[in-house]
Amino acid sequence: MVTFGLVGTLGTVITFAGANLMRTWFWDSPMIGVVLPTMTATLVSYLLNRRWTFKNTDSDGSRREMAVFFALNGVGMVIQTLCMGFRSYSLHLDGAVSYNVAMVVGTLLGAVFRYWSYRKWVFIPVGV
């Protein structure tokens, strides 16, 4: 679980830095500003989780594993994006603090879902 947390922390840094960079300099859309950095973090997370966090699980890094991993991350990204959409379009908030609060809430909810789903459907322990 510690390695999962470290990989998650790196993914979070990539997501937050990328989202804030996009919000500040490149993109005015809070939704796209979350999606693109999250996709980058997802790729990095897959590679590190496969080679480090879940290296002792019974898996060959198959296409099925990758497809399920990225599909589940898509669900996690939807969770993050819904939090950002709620902040932006329901609460009509616009500012750095509310942006980052929505990112924190979305990231935490997405992380809980991802950890549970990876253990259940992607990186299955040996002998199960």
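About the thresholds
Residues numbered from 1 in each chain as written. Predicted model: local features only at pLDDT ≥ 70, side-chain atom pairs only at ≥ 80, totals over all residues. Heavy atoms only, no water. Helix = DSSP H or I, 4+ residues; strand = E, 2+ residues; numbered from the N terminus. Rg over C-alpha atoms; globule rule 2.2 N^0.38 Å. Contact = heavy atoms within 4.5 Å. Buried < 20%, exposed > 50% of the residue type's maximum accessible area, 1.4 Å probe, protein only. Phe/Tyr/Trp six-rings, centres within 6.5 Å; stacked < 30°, edge-to-face > 60°. Lys NZ or Arg CZ within 6 Å of the ring centre and 35° of its normal. pLDDT = per-residue confidence, 0-100. Core = buried A, V, L, I, M, F, W, Y, C linked by side-chain atoms within 4.5 Å.

Caption draft 1: Molecular detail of the overall build of the chain. Secondary structure summary: the chain contains 4 helices and 0 strands in total. The helix and strand sequence of the chain, counted from the amino end, reads α-α-α-α. Relative to the compact-globule value of 14 Å for 128 residues, the chain shows a C-alpha radius of gyration of 15 Å, a close match. Here the C-alpha coordinates of the chain stretch approximately 50 × 25 × 25 Å along the principal axes. Counted over contacts in the chain with a minimum sequence separation of 6, partners at least 24 positions apart contribute 75%.

Caption draft 2: Highlighting the side chain of Thr38. Position of Thr38 among the secondary structure elements: in helix α2 (residues 30–53). When sequence neighbours within four positions are dropped, the list of residues in contact with Thr38 reads Thr15, Met77, Gln80 and Arg114.

Caption draft 3: Examining α2 more closely. Residues of α2 that are buried: Pro30, Gly33, Val34, Pro37, Thr38, Ala41, Thr42, Ser45, Tyr46, Asn49, Arg50 and Thr53. Elements in contact with the buried residues of α2: α1 (2–26), α3 (63–90) and α4 (96–122).

Caption draft 4: Molecular detail of unusual backbone geometry. With a phi angle near 55 degrees, His92 is a residue other than glycine that sits in the positive phi range. Along the chain, His92 falls in the loop between α3 and α4. Take His92: its relative accessible area is 63%, and that puts it in the exposed class.

Caption draft 5: Looking closely at the packing of aromatic side chains. A full pass over the atoms with the stated rule returns 5 aromatic pairs. Pairing Tyr46 with Phe70 gives two aromatic rings, centres 5.7 Å apart and planes at 40 degrees, and the pair type is tilted. Of the two residues, Tyr46 sits in helix α2 while Phe70 sits in helix α3, which places them 24 residues apart along the sequence. Look at Phe70 and you get partly exposed, because its relative accessible area is 30%. For the pair Trp116 and Trp121, a centre-to-centre distance of 5.0 Å together with 80 degrees between the ring planes defines the contact as edge-to-face. Trp116 sits in the partly exposed class, given a relative accessible area of 46%. For Trp121, a relative accessible area of 37% puts it in the partly exposed group. Pairwise contacts between aromatic rings join Tyr46, Phe69 and Phe70 into one cluster. Over the ring of Tyr99 we find Arg23; its NZ or CZ atom is 5.1 Å from the centre of that ring.

Caption draft 6: Examining the confidence of the model for the chain more closely. The pLDDT averaged across the chain works out to 85; a share of 91% of its residues lies at or above 70. For the chain, per-element mean pLDDT is lowest for α2, which scores 86, and highest for α3, which scores 90.

Caption draft 7: Fine view of the nonpolar core. Of all hydrophobic cores here, the largest spans 8 residues; its members are Phe4, Tyr46, Phe54, Phe69, Leu72, Phe113, Tyr118 and Val122. Among the elements of the structure, α3 and α4 are those that each provide at least two residues to this core. With 3 residues, the top contributor of residues to this core is α4. Ranked by size, the runner-up nonpolar core spans 7 residues in total, among them Phe16, Ala19, Val34 and Tyr99.

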